[in-house]
Each structure stands twice: as structure tokens, then as C-alpha cells.
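One-letter residues, chain by chain:
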Amino acid sequence: PPPPPPPTPTLISSDPPAGAVMAQDGNGPGFKTVDLAFSSELGSDWDNFSNYDVLSTQATALGLAGVTGSPSNPALSLSRNLLPGERITLTHRPSGASVCLGFLPGDVDQNGFAVSSDISRLNAWVGTAEGAAQPLWKTDINRDGVFDAKDVIKAGELMSSADRIFRLPACPSTTTATITASVNT
């Protein structure tokens, strides 16, 4: 009998991690690259754009601009940065593996809401090992390259803005999303 087919690769991790929400202020760019790590190689066509879907909660077009890396660790470049208030679902079609990412200025605890408890958490982390261990996309609210008390002040300013975005929509579903692009845009 012929040998059994190899198992379908599974997604082990991503950078930024699945569910990550960029909390930095909206005056700079959101996520634009996603590195994926699979349990095994994806096959000879791993870098084919048609193997990936990008679904967004925004009407502004979003697709892939490039696929580099390796067959088990593709690095995906988006056609634009995420926008404040946006969530995306990035799916590798053949394996069905998906990663959801978002951009909500001030959402330090990554729960999809930018509220006063985020400021409290940020303040509690200042000067601690736990705070220093957090990624800058989560703590460097003012985008100066370091996490410190100035980020707590900036988070407070974000929360007091009358036109701020305070809630992210749910991650786009791979079965119900209507905005999809998997070609170079």
C-alpha cells in the first residue's frame, strides 16, 4: 500500500501572537508584518499568495504585499498597516490556520476595549520586571521607543479624547467576512 499522506501542518505560533492588539497611539503605524511558525513545511507553493486570505473589519483594501521566509516559517507583509479600530484575520488556506490581530490605541490588556483599567495596568507595570517583559507594541503608548511613566500619561490623554475609538469589533470570521483580498493590492 502507498504510504499515508503527511499530516497537515499546524500553526505553532505567530509574531505578533494570535489575538495581539497594538495599543500604541494612532499617530503611528499599526502591524504590517506577521511571521508564522508551522509544525512542518507547507509545501513547494508555500509562498503563493493564493494560499493566504486577509479579512478586515475596515472597508479600506488590505491584502498581501509579500510572502518571504521559509516553507515552515512564512513571513507575510501586508499591503498597508492596520488602522486604529481595525481587526484582521489572516488565514493559511490549505491548513485552515488563522491569526487574528487588532489595533486599538490604549488597549493594554488586549481585551478589545480601551478603558481606564488599561491605564491602571500600565501604571502598575512602570518600573517592574513584568512591565519590562511586555512587548513595546503593548506598552510604548507614546511611541518613543521605551516604556515609562510618559506612556501612562499618553494613555490618559487617549482615554480623554472625545473622538477616541474605545472598542474593537470581533475578529472577522473566515466564513462570514465579506472583505477579502489575497492578491497584491
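Please read these numbers as outputs of a predicted model, since none were measured by experiment.

The next point concerns the overall build of the protein chain. A count of helices and strands for the protein chain gives four helices and nine strands. When the elements of the protein chain are put in sequence order from the N terminus, they spell out β-β-β-β-β-β-β-β-α-α-α-α-β. Projected onto the principal axes, the alpha-carbon positions of the protein chain cover approximately 65 × 35 × 25 Å. Considering only residue pairs separated by 6 or more positions, the protein chain has 65% of its internal contacts joining residues 24 or more positions apart. Element-wise, carbon and sulfur atoms account for 55% of the exposed surface of the protein chain, whose accessible area totals about 9000 Å². If the 11 positive side-chain charges of the protein chain are averaged to one point and the 18 negative ones to another, these points end up 6 Å apart.

Quick look at helix α4 (residues 149-160) now. The first and last C-alpha atoms of α4 sit 17 Å apart over 12 residues, in line with the 16 Å expected at 1.5 Å per residue. Regarding α4, the residues found buried are D151, V152, K154, A155, L158 and M159. Buried residues along α4 cover an arc of 165 degrees about the axis, so they all sit on one side. Summarising the geometry of α4, the exposed residues directed more than 90 degrees from the buried face are I153 and S160. Close packing links the buried residues of α4 with α1 (116-125) and α3 (136-139). Looking at where α4 begins, the residue whose side-chain oxygen comes 3.1 Å from the main-chain nitrogen of K150 is D148.

This part is about the pattern of salt bridges. Under the definition given, this model contains four salt bridges. A salt bridge links R80 to E86; the shortest N-O distance between them is 2.8 Å. Each of the two residues, R80 as well as E86, counts as buried. Its salt-bridge partner being E157, residue K154 comes within 3.9 Å of it at the nearest N-O pair. In this pair, K154 and E157 both sit in helix α4, three residues apart, roughly one turn of the helix. Among the residues examined, E157 registers a relative accessible area of 44% and is labelled partly exposed.

Conventions we followed
- Residues numbered from 1 in each chain as written.
- Predicted model: local features only at pLDDT ≥ 70, side-chain atom pairs only at ≥ 80, totals over all residues.
- Heavy atoms only, no water.
- Helix = DSSP H or I, 4+ residues; strand = E, 2+ residues; numbered from the N terminus.
- Contact = heavy atoms within 4.5 Å.
- Areas by Shrake-Rupley, 256 points an atom, 1.4 Å probe, with all protein chains shown as cover.
- Lys, Arg positive; Asp, Glu negative; His and termini not counted.
- Charge placed at Lys NZ, Arg CZ, Asp CG, Glu CD.
- Expected span 1.5 Å × (residues − 1).
- Buried < 20%, exposed > 50% of the residue type's maximum accessible area, 1.4 Å probe, protein only.
- Arc of directions from axis to C-beta.
- Polar contact = N/O pair within 3.5 Å; in protein donor to acceptor, adjacent residues only side chain to side chain.
- Salt bridge = Lys/Arg side-chain N within 4 Å of Asp/Glu carboxyl O.

None of the figures reported here should be taken as evidence of function without further support.
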